[in-house]
Every structure is written in C-alpha cells, then in structure tokens.
Amino acid sequence: MDIDYKFMREAIELSRTHMEAGEGGPFGCVIVKDGMVVGRGWNSVLKGCDPTAHAEVMAIRDACKHLNTFQLTGCDVYTSCEPCPMCLGALYWARPDRIFYANNKADAANIGFDDSFIYDEMQQPMEQRKIPMIAMDNAEALKVFKLWEDKKDKTNY
C-alpha cells in the first residue's frame, strides 16, 4: 500500500509543479508497470494550446512510447484527480489494470473544472445536443470499413 501512495505523491507533485509553471490546470498522472514509472503526464492545455493535453492523455502517450505498445495491460494509473470523460475514454482504450485517483470530480467542479455538462450532453439524443451532429452519406466511408474488415494483416485493438 505504501508504494501506491509513493506513486500518487509523484502524480500530485507533477500537478503542482506544472500548474505553478503556468502550463495548465492542477492535474498530474503517472503510469506504473512492474513497480517502475513508465509514463508521466501533466495538464499542458495552456502550454501547448491543446484542449486534449490532459494529464492522463499525456501519460498514456508517454507510457505507450516508452513501452512501444498501444495498450497498457499490466499497468496501473495514478492520477491526481478522477479522470474527466475524455481521459476516462482514453484510459479504457489503453486498457490499464487499475486506476487510482485522489481528488474526485466534485472537487474538480468546486475549482472550476466541471465536466457535468459533458455527461449531460452524452445522454441527449444527437439532435438535441448543443453542438450539432449531422450525419452525412456514408457510402464511401463504409467501403473503407469493408476494406478493414477484409484486411488479412490487420492488428486488432
């Protein structure tokens, strides 16, 4: 259990250090495999002018590059705050074994990082969402899906 707190403290320190540097919000993340940190990330939204540069996404990218893989099976994630909807989706795609978090989404909402509008939007029918979602003819796109379906040398993920 002490080792879990060690890794969480590192995630929290990343959140503090990079927030104080003006790179983004107070969020940090480390990814661990076999007791070793294999990925680090912190919120870099402001530094990189990138709304997807959240701590967990950055840590996933770092860990996957370090491990030369697109999945984090066998890894644990330590994040200073409960993941937002985007990060949670990214984590599910990355498939780590466990996710540890410190602050929760209510704590984040209390300081201005409220994701409830996203959760609410996801429950709405597409035609009622605030950002219009317009389906277009998909005949050409379906042809590419068929090529993927028939591809003999594909790597499923």
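Refer to the structure printed above.
Treat the numbers as computed from the prediction; the structure is a model and nothing was measured. Starting from 1, residues in each chain are numbered consecutively following that chain's sequence as written. Totals for whole chains, interfaces and linings use every residue, but because this is a predicted model, local features are given only for residues with pLDDT of at least 70 and side-chain atom pairs only at 80 or more, for both listing and counting. Only hydrogens and water are set aside when side-chain values are computed; all heavy atoms of the structure are taken into account.

### Re the packing of helix α3 (residues 55-67) against helix α4 (residues 85-94)
Filter applied, for reference: For every element, the axis is a line fit to its C-alpha atoms; helices are fit only across the contacting stretch, and the angle between N-to-C directions ranges from 0 to 180 degrees. Helix and strand definitions follow DSSP, with helices as H or I runs of at least four residues and strands as E runs of at least two, each counted in order from the N terminus. Working definition: roughly parallel below 35 degrees, roughly antiparallel above 145 degrees, roughly perpendicular at 65 to 115 degrees, and oblique for all remaining angles. Each crossing is labelled by how the near helix is turned from the far one, with a counterclockwise turn of less than a right angle marking it left-handed and a clockwise turn marking it right-handed. When checking whether two residues touch, look at their non-hydrogen atoms; a contact exists if any pair is within 4.5 Å. Gly is put with the polar residues, along with every residue not named as nonpolar or charged; the nonpolar set is Ala, Val, Leu, Ile, Met, Phe, Trp, Tyr, Cys and Pro, and the charged set is Asp, Glu, Lys and Arg.
The geometry of α3 relative to α4 is characterised by a closest axis approach of 8 Å and an angle of 25° between their N-to-C directions. Taken together, α3 and α4 sit at an angle that is classed as roughly parallel. The handedness of the crossing between α3 and α4 comes out as left-handed. On the side of α3, the interface is formed by Glu56, Val57 and Ile60, while α4 contributes Met86, Cys87, Ala90, Leu91 and Ala94. Of the residues belonging to the contact of α3 with α4, the class tally is seven nonpolar, no polar and one charged.

### Digging into the side chain of Thr79
Formally: Each residue is assigned to one of three classes by its accessible area relative to the maximum for its type, calculated with a 1.4 Å probe on protein chains only: buried under 20%, partly exposed between the two thresholds, exposed over 50%. Any pair of nitrogen or oxygen atoms within 3.5 Å is treated as a polar contact; in protein, a donor-acceptor pairing is required on top of that, and neighbouring residues in sequence qualify only through side-chain atoms on both sides.
Of note, Thr79 is situated in strand β3 (residues 75-81). A relative accessible area of 1% means that Thr79 is categorised as buried. At 2.7 Å, the side chain of Thr79 forms a polar contact with the side chain of Glu56. The residues contacting Thr79, other than those within four sequence positions of it, are Met8, Ala11, Gly28, Cys29, Glu56, Ile99, Phe100, Tyr101 and Ala102.

### Considerations on a nonpolar patch on the surface
The criterion, for reference: Patches were defined on residues exceeding 30% relative accessible area and lacking a salt bridge, with like-charge contacts within 9 Å and nonpolar side-chain contacts (Val, Leu, Ile, Met, Phe, Trp, Tyr) within 5 Å. Working definition of accessibility: Shrake-Rupley area with a 1.4 Å probe, residue cover restricted to the visible protein chains. Between Lys or Arg on one side and Asp or Glu on the other, a salt bridge is scored when a side-chain nitrogen of the former is within 4 Å of a carboxyl oxygen of the latter.
Taken together, the side chains of Phe70, Trp148 and Tyr157 make up a nonpolar region of the molecular surface, amounting to roughly 380 Å² of accessible area. Since its relative accessible area comes to 62%, Tyr157 is described here as exposed.

### Focus on the layout of surface pockets
The following threshold applies: In this analysis the probe radius is 1.4 Å and the grid spacing 1 Å, with only protein atoms considered; a cavity is a set of points the probe fits into but cannot get out of, a pocket is an open set with protein on both sides within 12 Å along at least five of seven lines, and lining residues have an atom within 4 Å of a point. Grid points are joined across faces, edges and corners, and a volume is the space filled by probe spheres set on the points.
By volume, the largest pocket is sized at about 400 Å³. Forming the walls of the largest pocket are 25 residues, and the residues nearest its centre are Phe27, His54, Cys84, Phe113 and Asp115. Per-element accounting of the lining of the largest pocket gives the leading share, four residues, to helix α6 (residues 116-123). Looking at the lining of the largest pocket residue by residue, the class counts come to 15 nonpolar, five polar and five charged. In this structure, the second largest pocket occupies an estimated 190 Å³ of space.

### Things to note about the pairing of strand β2 (residues 36-42)
How we decide: DSSP bridges decide pairing: two strands pair if at least two such bridges lie between them.
In the sheet, strand β1 (residues 28-33) pairs with β2 via six bridges, with the strands oriented antiparallel. Across the sheet, residue Cys29 finds its bridge partner in β2, namely Gly41. Connecting β1 to the next strand, β2, in antiparallel fashion are two residues, including Asp34 with a positive phi near 50°.

### Things to note about the sheet that holds β1
Across a sheet, paired strands are connected by hydrogen bonds in the backbone, their directions being either parallel or antiparallel. Taking strand neighbours across the sheet as the criterion, the four strands line up as β2-β1-β3-β4 in an open arrangement whose pairing is mixed. Both outer strands of the open sheet, β2 and β4 (98-103), are each paired with one neighbouring strand and no more. Mean inter-strand twist for the sheet, computed between neighbouring axes without regard to direction, equals 15°. The pairing of β1 with β3 spans five bridges and is antiparallel. Looking across to β3, one finds that Ile31 is bridged to Val77.

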